[in-house]
Amino acid sequence: MSSDIAAILAIDGIASGAIYVLIAIGFVLIFAVTRVIFVPFGDISAFTALTLAALETQRLPGTMGLVALLAVMATVMQVTADLQAGDHKAIPSTLFFYLLVPLVPVALMWFAAGTVMSMPVRMGLSLLLVLPIAPLLDRIVFRPIADASVLLLLTVSMALHFALVGLGLMFFGPEGVRTQPLTDASWEIAGMQVSLQTFLIVGSAVVFSALLYGFFELTLTGKALRATAVNRTGARLVGIRPAYTGTMAYVLASVLAGISGILISPVTTIFYDSGFLFGLRAFVGAIIGAMVNYPVTALGALLVGVLESFASFWSSAFKEVIVFSLLLPVLLWRSLSVGEVEDEAEE
Amino acid sequence: MSKIQFRYLTLAALLLLVTSPLYLNPFSMTLLNYIGVYGLVALGLVLLTGIGGMMSFGQAAFVGIGAYAGAWASALQGYSPWVGLMLAIVLSCSVALFLGAITLRLGGHFLALSTVAWGLSIFFLFGNLDGLGNYNGIANVPPISIGPLKLVASWQMFYLIWAIVLLALLASRNLLDSRSGRAMRALRGGNLLVESLGINAFATRLATFVMAALFAGLSGWLYAHLNRFVSPAPFEVHVGIDYLMMAMVGGATELIGAFIGSALVTLTKNSIQDYLPLIAKGASGQLEIVVFSIVFIVLLQRWRGGLISISSHLLPSPHHEIDGQVAPLSRRPLPHRDETLLTVDQVERRFGGLVAVDKVSFTLKAGEILGLIGPNGAGKSTMFNLLTGALRPNSGQVVFQGRDITHSPQRTIAKAGIARTFQHVKIRPKMTLLDNVLLGTHPRTRSGFFNGAFRLDRKEEAQARAEALRQLQRVGLGDKPFELAGNLPLGNQRVLEIARALAADPVLLVLDEPAAGLRRQEKQALAELLQSLRSENLTILLVEHDMEFVMGLVDRIVVMNFGCKICEGLPADVRQDPHVQDAYLGGLV
Amino acid sequence: MSLLAIRSLDVSYGKVEAVRQVSLSIEAGQIVTVIGPNGAGKTTLLAATMGLLPSTGEMLYEGRDLRRMDVEARVEAGIVLVPENRELFGDMSVSDNLILGAYSHRHDGAGNRRNLDAVYHRFPRLLERRHQKANTLSGGERQMLALGRALMAKPRLLLLDEPSLGLAPLIVRDIFKIIASLRETGVSVLLVEQNARAALETADVGYVLETGEIVHSGAADMLIHDPKLIATYLGGH
């Protein structure tokens, strides 16, 4: 392999790695705050891409139906819960948060249907539309079993992913999409053509990671999220509701997933079921970071991107095998570094 | 349901099964075959998940290994399917051994995630290996033949499949009721408990994992010859979830739950395929998955224990005849009275900047009861963990019967003759009193997985049971050996732990706050028990907070405060020591 | 009306009843202590009062039914627990821990700043260490931080579980002084302690809990001279 090819592969790898970084950080964020390993997270990213593609061709995106369906389900569940608790006063706010807020972007989309929108507007609307999905799923699927073990939550999460992929096919259809490039411009650096798009991708990953860091460090809500992740009981004892921080984590992570979907859609063809695989690649990164450490997670995700890029050059058939087998040495290293026996009795 | 009733019911069910080709049509027979084939995988998952507490999303990959091994050997290489069977067994077990060795030290969800990773890797491997027909798969897999007889018809396969299934079920049942099986059932109690009993937790996990893979590989081999065609699709990760679902829907804590789940899932899937298109026009296979996943989620939300949890009271309670006349298990020689048994020399343990145990030394003589006391947070529990190997000291030395155990793992220390109890009782609530105490005999017995599964361990098992019953009687719990341990009140649970410790034939018994949470009479009974044990020449180290309890019972006392030993001596002297009064007895005057 | 009135409280884990038919009450401005041996159910009692464990029986706080309120609502109503293991945010700084203590009053910015100054004034050590992570503190400092975090929540009823646990005698003395001084600021305290003598010296009223049941109760200065209690808990000679 010449150094030119290596450089091109590396740049490609960093670009896709940067996209995985966003998803991987989202994984860690949701897991740290809610203990849920949110497997359908990659699907959120794919759905954003599909929504964006629909808007480009002036079609109504399937996301509208999906969000409306979930909003109605969540509302019914929450109203039932309110009534059972005898808390009639909570119903108006339930209707507002679970029904009205998620349906606002749907309604916007409905009225804007058929109009030609500029690229930033399309992106903004797509992002807005996918944001409610994960928090609503949290309410419908995970909150009733919030006290369950991580393993049970993970199992439910896997099942949820398959349900969501099936729904994805119903709402989006089987066609693959690829959106317009963000920009056609490219720069020459050290004798190589590097597209501006690559810079935008890497830049967005950096900017959004930095924004998240700032949010955690500087705002009270960010601190409350960290507190929940560090010590759930401690958080409850100062009056932080895990359900609330959980919703916040889902919303924030969805922003990251949405951005990653927007960034990836001009680069790769996206199908309704593409989310799982790039979700999983990001996942490898998250596991490298032990699901708790953001910087190591980001490095891990970058590593996966670069490895994938080189692997597809060596042997495109075994690309996936190579990437997922990477986990084994990582896990081996982790298992060797497990120190004195820690107790994890579960009943 | 009584044992006799249950036996008749089982017999009737077996008869119904064996004669099913007489009254079921070929299509139903085929369904029954698949129920058996899938149930076998689920059975492995019950052992792995429900019993051993390890979650795997990747079982489909092992099914694939078995199926491809069978198809490759018979269809592509022209060997007999039985060669394929051997290959399937060897391959699935060795891959499991390799993957297990790498991943099974990981905690709960990391382990589960790793199964997704290798599950995918193996799946992609099937699709990309030229020798295995890529994504097209391997067609024309020959039927299995027994001598000149080719098993082609579904009823013929039925007998082979269900013979294997019943054999696997029987072997698993036997296993769970044996030494190694009890070790598997203890796994969910946590490493600390398992290792303190002298059981190698990792090896037990690994064996369980390999067994689950073996069942999956067998199932794959059967699948290849039942379906007569193999392609990668049925070995995807989402099929792995289907298997998990079978185990969980049926009830992952009972072996039979695997087949209840397999039947339920297979039949429901079949009817969804029949009826869904009638309800929703043009519905695709994807909708089937959606409906299925939603049903699964709702089931997990409502019944975490699966269907068997609703009907488990119908199963007969476990019961064994115990032969009191068998030769007792061999005992280790007890040391002579007043011989130095344990020497703790300048032991130190730090946590970050905090010195929890600060250069503490004391010795323990054979046949005495030594009390280690001190206020909460004095470092007693840390000291306790250092002695039993749950923690390692930063410096200093611990010598037990002339042997340096400073850096020995818990398991080795347990085998050397130090048995412990726990401050927060660690018993297995869903196991009987007898089985809990039998766990204690683990280091004194030898039978492995194979002997357990095929009942080659009966003599030793009878000896162990007699020993366990003897220990239960010794502590006064001998009247209901088949009661579930979780039904005991706290006081008796502590006593049960002592019986379990005694079953290990220890030289030294180390008790962590045995009187905490006990009522007055219970404390008295406990004190009497400990005194009678001392009269039998057993040495006891008691870590305790309750002064009243300690003072009347022990021979000598060591007092700790802020990680240091502040005093040592006879109870009466310690009581008079001003340092002790200051530090321990609430001296804030 | 009592600040907190508990009647016939039962708490059980599975089949084990950890607290049986416990009744006690706390008047505004009182310090009430519950003493008893390890495993008697003291911590369970506090956890149930906080809403961390399900319980049956009656629990009234200023006449309001507590059992309809979750943990967070109880915090908002002024019931604040300092648990035995402190439950600090170990990976976060001392100042973040304190700031989060005021989470239930997060909209009162000025009040919280004043309160923060007051806590730093009371515990100058925490001011010195405000940028340090909580899990790097010593045992005594952790307890100060736990108390400080609880005070940031503007408690009206403070539930303290073993505040002297693992602390050196000098620090224990300080901690009990601080607890006693809370009375002047109008905070009521329910104090669970093994250090029976120190607890009874600080409190107005004492209860003795044994295997989940209350076996003695009365004015603290009476209990401290009760010969039977002295023999069991107070290390009589």
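Scroll up a little and you will see the structure.
Scope of this entry: the structure provided in the associated data block. (Residues numbered from 1 in each chain as written. Chains lettered and ligands numbered in written order. Predicted model: local features only at pLDDT ≥ 70, side-chain atom pairs only at ≥ 80, totals over all residues. Heavy atoms only, no water.)

### Quick look at the overall build of chain C
To keep things clear, this is the line we draw: Secondary structure elements follow DSSP: runs of H or I of four or more residues count as helices, runs of E of two or more count as strands, with numbering from the N terminus. A radius of gyration in this sense is built from C-alpha atoms; the matching globule rule multiplies 2.2 Å by the number of residues raised to 0.38. Buried residues are those whose accessible area, probed at 1.4 Å on protein chains only, stays under 20% of the maximum for their type, while exposed residues exceed 50% and partly exposed ones sit between those limits. Should any heavy atoms of two residues lie within 4.5 Å, those residues are counted as being in contact. Each accessible area is a Shrake-Rupley estimate made with a 1.4 Å probe; only the visible protein chains count as cover when residues are assessed. Positive residues here are Lys and Arg, negative ones are Asp and Glu, while His and the chain termini are left out of the count. Taken as the charge location is NZ of Lys, CZ of Arg, CG of Asp or CD of Glu.
Helix and strand counts for chain C stand at 10 helices and 10 strands. On C-alpha atoms alone, chain C measures out to a radius of gyration of 17 Å, which is about the 18 Å that the 2.2 N^0.38 rule sets for 237 residues. Overall, the C-alpha framework of chain C stretches about 45 × 45 × 35 Å when taken along its three principal axes. Counting the 237 residues in chain C, one finds 58% classified as buried. Across chain C, every contact between residues at least 6 apart in sequence was considered, and the portion connecting residues at least 24 apart equals 65%. Carbon and sulfur atoms make up 51% of the accessible area of chain C, which totals about 9,500 Å². In chain C, the 26 positive side-chain charges and the 28 negative ones have mean positions that sit 4 Å from each other.

### Remarks on the overall build of chain A
When you go through chain A residue by residue, the secondary structure sums to 15 helices and 2 strands. On C-alpha atoms alone, chain A measures out to a radius of gyration of 21 Å, which is about the 20 Å that the 2.2 N^0.38 rule sets for 347 residues. The buried share among the 347 residues of chain A stands at 56%. Within chain A, contacts between residues separated by at least 24 positions form 75% of all contacts whose residues are at least 6 apart in sequence. When the accessible surface of chain A is split by element, carbon and sulfur atoms take 69% of a total near 13,600 Å². Considering chain A, the positive charge centre built from 15 side chains and the negative charge centre built from 21 side chains are found 10 Å apart.

### Structural notes on the sheet that holds strand E3 (residues 340-351) of chain B
All names here are of chain B. So the rule is basically this: By definition, two strands form a pair when at least two bridges between them are found by DSSP. All axes here are fitted lines through C-alpha atoms, helices being fitted over the stretch that makes contact, and every angle between N-to-C directions spans 0 to 180 degrees.
Pairing within the open sheet is antiparallel, and its 4 strands lie in the order E4-E3-E6-E7. Both outer strands of the open sheet, strand E4 (354-365) and strand E7 (403-404), are each paired with one neighbouring strand and no more. In this sheet, E7 lies alongside strand E6 (residues 395-400) in antiparallel orientation, the contact comprising 2 bridges. Each bridged residue has a counterpart across the sheet, and for Phe 400 the counterpart in E7 is Arg 403. In the packing of helix H15 (residues 380-388) onto the sheet, contacts are made with E3, E4 and E6, and the angle to E3 comes to roughly 120°.

### Side note on the interface of chain A and chain C
Here is the rule: The quantity reported as buried area is the accessible area (1.4 Å probe) lost by two parts once they are put together, taken as the sum for both. Here, a salt bridge means any side-chain nitrogen of Lys or Arg that lies within 4 Å of a carboxyl oxygen of Asp or Glu. Any pair of nitrogen or oxygen atoms within 3.5 Å is treated as a polar contact; in protein, a donor-acceptor pairing is required on top of that, and neighbouring residues in sequence qualify only through side-chain atoms on both sides. Residues were grouped as follows: Ala, Val, Leu, Ile, Met, Phe, Trp, Tyr, Cys and Pro as nonpolar; Asp, Glu, Lys and Arg as charged; and all remaining residues, including Gly, as polar.
Listed as interface residues are 20 residues of chain A and, on the opposing side, 25 residues of chain C. Interface area for chain A against chain C, summed over the two sides, is near 2,000 Å², with a carbon-plus-sulfur share of 62%. The interface formed by chain A and chain C includes 5 salt bridges. The closest approach of N and O atoms between A:Arg236 and C:Glu72, which form a salt bridge, is 2.9 Å. Taken together, chain A and chain C are joined by 5 residue pairs in polar contact (both at pLDDT 80 or more). Within the residue set of the side of chain A that touches chain C, elements represented by two or more residues are helix H9 (220-230), helix H10 (232-237) and helix H11 (242-264) of chain A. The dominant element in the side of chain A that touches chain C, judged by the number of residues it contributes, is H9(A), at 6 residues. Its residues assigned to classes, the side of chain A that touches chain C comprises 11 nonpolar, 5 polar and 4 charged.

### Things to note about the packing of helix H1 (residues 3-34) of chain A against helix H12 (residues 275-288) of chain A
A pair of packed helices is characterised by two quantities: the angle between their axes and the separation of those axes. All names here are of chain A. Put simply, the rule is: Orientation categories follow fixed angle ranges, with anything under 35 degrees roughly parallel, anything over 145 roughly antiparallel, 65 to 115 roughly perpendicular, and all other angles oblique. Crossing handedness is defined as follows: a turn of the near helix away from the far one that is anticlockwise and smaller than a right angle gives a left-handed crossing, while the clockwise case is right-handed.
The geometry of H1 relative to H12 is characterised by a closest axis approach of 8 Å and an angle of 70° between their N-to-C directions. One element, H1, and the other, H12, form an angle in the roughly perpendicular class. Here the hand of the crossing between H1 and H12 comes out right-handed. Residues Tyr 20, Ile 23, Ala 24, Phe 27 and Val 28 of H1 form the contact with H12, whose participating residues are Phe 278, Gly 279, Arg 281, Ala 282, Phe 283 and Ala 286. Grouping the constituent residues of the contact of H1 with H12 by class yields 9 nonpolar, 1 polar and 1 charged.

### Things to note about the environment of A:Phe216
Residue and element names in this part refer to chain A. As for its placement among the helices and strands, Phe 216 is situated in helix H8 (residues 196-218). Note on Phe 216: relative accessible area 8%, which makes it buried. The spatial distance from the C-alpha of Phe 216 to the C-alpha of Met 77 is 31 Å, given a sequence separation of 139 residues. Discounting chain neighbours no more than four positions away, the residues touching Phe 216 are Leu 29, Gly 222, Lys 223, Leu 225, Arg 226 and Tyr 294.

### Some thoughts on helix H5 (residues 81-103) of chain B
Residues and elements named next belong to chain B. Rule in force here: Under the convention used throughout, the expected extent of a helix is 1.5 Å for every residue step, that is, one less than its residue count.
The end-to-end C-alpha distance of H5, which contains 23 residues, comes to 32 Å, matching closely the 33 Å that a straight helix rising 1.5 Å per residue would cover. Residues Pro 81, Gly 84, Leu 85, Ala 88, Ser 92, Cys 93, Ala 96, Leu 99, Gly 100, Ile 102 and Thr 103 constitute the buried set of H5. Measuring from the backbone nitrogen of Trp 82 back to the side-chain oxygen at the start of H5 gives 2.9 Å, which picks out Ser 80 as the cap.

### Quick notes on the environment of B:Ile199
Residue and element names in this part refer to chain B. Considering the arrangement of structural elements, one finds Ile 199 in the loop between helix H9 (191-196) and helix H10 (201-227). When the C-alpha positions of Ile 199 and Asn 174 are compared, they lie 19 Å apart, and in sequence the two are 25 residues distant. Residues in contact with Ile 199, not counting those within four places in the same chain, are Ala 183, Val 194, Thr 204, Arg 411, Leu 439 and His 442.

### Structural notes on the interface of chain A and chain B
Each partner contributes to the interface: chain A provides 52 residues, whereas chain B provides 54 residues. Between chain A and chain B the total buried area reaches about 4,500 Å² when both faces are included, carbon and sulfur atoms providing 74% of it. Taken together, the links from chain A to chain B amount to 0 salt bridges. Our count for the contact surface shared by chain A and chain B stands at 4 residue pairs in polar contact (both at pLDDT 80 or more). In terms of residue count, helix H7 (residues 150-172) of chain A provides more of the side of chain A that touches chain B than any other element does, 16 residues in total. Residue composition of the side of chain A that touches chain B, grouped by class: 39 nonpolar, 4 polar and 9 charged.

### Notes on the pattern of salt bridges
Residues and elements named next belong to chain B. Using the criterion set out here, one finds 35 salt bridges over all chains in the structure. Of the charged contacts, one joins Arg 556 and Glu 568 as a salt bridge, the two residues approaching to 2.8 Å between their closest N and O atoms. One end of the pair, Arg 556, is in strand E11 (residues 556-561); the other, Glu 568, is in strand E12 (residues 564-569), with 12 residues separating them in the sequence. Salt bridges sharing partners connect three or more residues here, namely Asp 177, Arg 182, Arg 455, Glu 461 and Arg 465.

### What to know about the packing of aromatic side chains
Residue and element names in this part refer to chain B. For clarity, the threshold we go by: For this analysis, a ring pair means two rings from Phe, Tyr or Trp (six-membered ring only for Trp) whose centres lie within 6.5 Å, classed as stacked if their planes differ by under 30 degrees, edge-to-face if by over 60, and tilted for the remaining angles.
Under the counting rule described, the total for this entry stands at 28 aromatic pairs over all chains. Taking 6.0 Å as the distance between ring centres and 80° as the angle between the ring planes, the aromatic pair formed by Phe 62 and Phe 209 counts as edge-to-face. Linking Phe 62 in helix H4 (residues 59-76) with Phe 209 in helix H10, this pair joins segments that are 147 residues apart in sequence. A relative accessible area of 0% means that Phe 62 is categorised as buried.

### Here's the deal with the packing of helix H3 (residues 63-84) of chain A against H7(A)
All names here are of chain A. Direction vectors running N to C along H3 and H7 enclose 130°, while the axes themselves pass 8 Å from each other. Relative to H7, the element H3 lies oblique. Residues Thr 63, Gly 65, Leu 66 and Leu 69 of H3 pack against Leu 167, Phe 171 and Phe 172 of H7. Residues of the contact of H3 with H7, tallied by class, amount to 5 nonpolar, 2 polar and no charged.

### Quick look at unusual backbone geometry
A positive phi angle, near 65°, is found at B:Arg228, a position not held by glycine. In this structure, B:Arg228 sits in the loop between H10 and helix H11 (237-250). Even without being glycine, C:Gln21 reaches a positive phi, approximately 50°.

### So, the sheet that holds strand E5 (residues 369-373) of chain B
All names here are of chain B. Spatially, 6 strands are ordered E8-E9-E10-E5-E11-E12 in an open sheet, and the strand pairing comes out mixed. Strands with a single pairing partner mark the edges of an open sheet, and in this sheet they are strand E8 (418-420) and E12. In this sheet, neighbouring strand axes are inclined to one another by 20° on average, regardless of whether the strands run parallel or antiparallel. Alignment of E5 against strand E10 (residues 539-544), held across 5 bridges, turns out to be parallel. Within E10, the position partnered with Ile 369 by the bridge is Ile 540. Sheet contacts for helix H20 (residues 490-502): E8 and strand E9 (508-512); angle to E9, the most-contacted strand, approximately 155°.

### Describing the state of the cysteines
Residue and element names in this part refer to chain B. For clarity, the cut-off: The disulfide criterion is simple: two cysteine sulfur atoms within 2.5 Å.
Going through the model one piece at a time under the given rule, you end up with 0 disulfides over all chains. The cysteine Cys 564 is free of any disulfide, with Cys 567 supplying the nearest cysteine sulfur at 13 Å. The class of Cys 564 is partly exposed, set by a relative accessible area of 29%.

So, to be careful, I would describe these as geometric facts and stop short of saying anything about function.
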